[in-house]
Amino acid sequence: MTAKFITLEGMDGAGKSTHIPRIIEILKTRGREVVSTREPGGTPLGERLRELLLHEAMHAETETLLMFAARREHIAQIIAPALARGAYVLSDRFTDATFAYQSGAKGVPADKVEILEQWVQEDLQPDMTLLFDVPVEISIARLAGARSPDKFERESADFFTKIRDAYLERARQNPQRFRIVDASKSLGEVAKAVEDIIATI
Ligand code: TYD
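The present account deals with the structure reproduced in this document. (Residues numbered from 1 in each chain as written. Predicted model: local features only at pLDDT ≥ 70, side-chain atom pairs only at ≥ 80, totals over all residues. Heavy atoms only, no water.)

## A look at the site of the ligand
- Lining the immediate surroundings of the ligand are 17 residues, of which Asp-12, Arg-50, Arg-93, Thr-98 and Gln-102 lie closest.
- Between an oxygen atom of the ligand and a side-chain N or O atom of Arg-71, the distance comes to 3.2 Å.
- The side chain of Arg-93 places a nitrogen or oxygen atom 2.7 Å from an oxygen atom of the ligand.
- Protein coverage of the free-state accessible area of the ligand, which is 550 Å², stands at 91%.
- At the level of elements, helix H2 (44–55), helix H3 (60–84) and helix H4 (95–105) are the ones that each hand at least two residues to the shell around the ligand.
- Ranked by residues supplied to the shell around the ligand, first place goes to H4 with four residues.
- Considered class by class, the residues forming the shell around the ligand number six nonpolar, two polar and nine charged. (Near = heavy atom within 4 Å. Polar contact = N/O pair within 3.5 Å; in protein donor to acceptor, adjacent residues only side chain to side chain. Areas by Shrake-Rupley, 256 points an atom, 1.4 Å probe, with all protein chains shown as cover. Helix = DSSP H or I, 4+ residues; strand = E, 2+ residues; numbered from the N terminus. Nonpolar A, V, L, I, M, F, W, Y, C, P; charged D, E, K, R; others polar.)

This is how it looks when you write it as structure tokens:
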């Protein structure tokens, strides 16, 4: 399999974003274009929706609909054209985050998310998803030392536990595309694990 659409997932504080520059560097050595992007966001409209999503209180289903509105634009403007050009697309979060946060943690029924997933993505799915998995206490401790928290980062341990469980359940349901990274290890060990996974792509 030559994975082209790669997504990074995990709880806040799992440390996934730290590894993006190295992943881009490795992929670039293959001589292919690399498009690095993120959700919510990735387009000018998506970034405006991100501002609302990260800082405004709203109903969990409104949040879900806005995530997919941003995602529709992201696919149309960035992801689909890049994949059509044969590029690697690396997205910091994608639809698994909606299953984890809006469904797993906030209770939006998974079948509603599945309807939107089908509507917005049709056949598009990541070829590979790296899940940065970390015990809740570690993620909370890391966030406590970080910059000022956004709306999602101010939630309780119970909320984070639900996110982690929902992500691990997604991984169990989609073993062919998920690779779980034990992100509780040292930065160097996690970086090595990520490099080993990217080498198989
Ligand atoms: P994150 O990706 O962690 O960015 P940063 O490192 O800048 O904080 O933040 C995005 C937040 O959005 C994160 O808390 C998860 C949340 N989110 C959802 O709740 N649902 C989604 O579908 C996506 C893509 C993100």
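## Quick look at the packing of aromatic side chains
- As enumerated under the stated definition, the model contains four aromatic pairs in all.
- Each ring, one from Tyr-101 and one from Phe-159, has its centre 6.4 Å from the other, and the planes form 65 degrees; the classification is edge-to-face. Residue Tyr-101 is located in helix H4, and its partner Phe-159 is located in helix H7 (residues 157–173); the two are separated by 58 residues in the primary sequence.
- Taking the relative accessible area as the measure of exposure, Tyr-101 reaches 5% and is therefore buried.
- Grouping aromatic residues by their ring pairs yields a cluster made of Tyr-101, Phe-159, Phe-160 and Tyr-167.
- It is Arg-71 that lies over the ring of Phe-68; its NZ or CZ is 4.6 Å from the centre. (Phe/Tyr/Trp six-rings, centres within 6.5 Å; stacked < 30°, edge-to-face > 60°. Buried < 20%, exposed > 50% of the residue type's maximum accessible area, 1.4 Å probe, protein only. Lys NZ or Arg CZ within 6 Å of the ring centre and 35° of its normal.)

## A short note on the environment of His-59
- With respect to the helices, strands and loops of the structure, His-59 is situated in the loop between H2 and H3.
- Relative accessible area serves as the criterion here: at 53%, His-59 is assigned to the exposed category.
- Considering only alpha carbons, one finds His-59 and Gln-102, 43 residues apart in sequence, at a separation of 9.9 Å.
- A polar side-chain atom of His-59 sits 2.9 Å from the main-chain amide nitrogen of Glu-61.

## A look at the pairing of strand S4 (residues 128–133)
- Among the six residues of S4, six are classified as buried, and the element is accordingly described as predominantly covered.
- Residues Met-128, Leu-130 and Phe-132 of S4 are buried on one face, and the alternating residues Thr-129, Leu-131 and Asp-133, pointing to the opposite face, are buried as well.
- Two strands pair when backbone bridges link them, and S4 and strand S5 (residues 178–182) are joined in this way by five bridges, in the parallel orientation. Bridge pairing links Thr-129 to Phe-178 in S5. (Pairing = 2+ DSSP bridges.)

## Comments concerning the pattern of salt bridges
- This model, assessed by the stated rule, comprises 17 salt bridges.
- The partner of Arg-38 in a salt bridge is Glu-47, with the nearest N and O atoms 2.7 Å apart.
- Relative accessible area serves as the criterion here: at 26%, Glu-47 is assigned to the partly exposed category.
- Here Arg-71 makes a salt bridge to Glu-39, at a shortest N to O gap of 2.6 Å. In this pair, Arg-71 sits in helix H3 while Glu-39 sits in the loop between strand S2 (34–38) and H2, placing the two residues 32 residues apart along the sequence.
- Here Glu-39 falls in the buried class, since its relative accessible area comes to 5%.
- Salt bridges here are not isolated pairs; linked through shared partners, they connect Asp-96, Glu-117, Arg-170 and Arg-177. (Salt bridge = Lys/Arg side-chain N within 4 Å of Asp/Glu carboxyl O.)

## A word on helix H8 (residues 187–199)
- In this model H8 runs 18 Å from its N-terminal to its C-terminal C-alpha over 13 residues, within 8% of the 18 Å that 1.5 Å per residue would give.
- Those residues of H8 that sit buried are Val-190, Val-194, Ile-197 and Ile-198. On an axial view of H8, the arc spanned by its buried residues comes to 95 degrees, and they lie on one face.
- Among the structural elements, helix H1 (20–28), S4 and S5 are those in contact with the buried residues of H8. (Expected span 1.5 Å × (residues − 1). Arc of directions from axis to C-beta. Contact = heavy atoms within 4.5 Å.)

## Details of the packing of H1 against H8
- One way to put it is that H1 packs onto H8 with a least axis distance of 10 Å and a crossing angle of 30 degrees. Put simply, H1 runs roughly parallel to H8. Where H1 crosses over H8, the two elements pack in a sense that is right-handed. Of the residues in H8, those touching H1 at Arg-22, Ile-23, Ile-26 and Leu-27 are Val-194, Glu-195 and Ile-198.
- Within the contact of H1 with H8, the residues separate by chemical class into five nonpolar, no polar and two charged. (Axes fitted to C-alpha atoms, helices over the stretch in contact; angles between N-to-C directions. Parallel < 35°, antiparallel > 145°, perpendicular 65-115°, else oblique. Left-handed = near helix turned anticlockwise from the far one by under 90°.)

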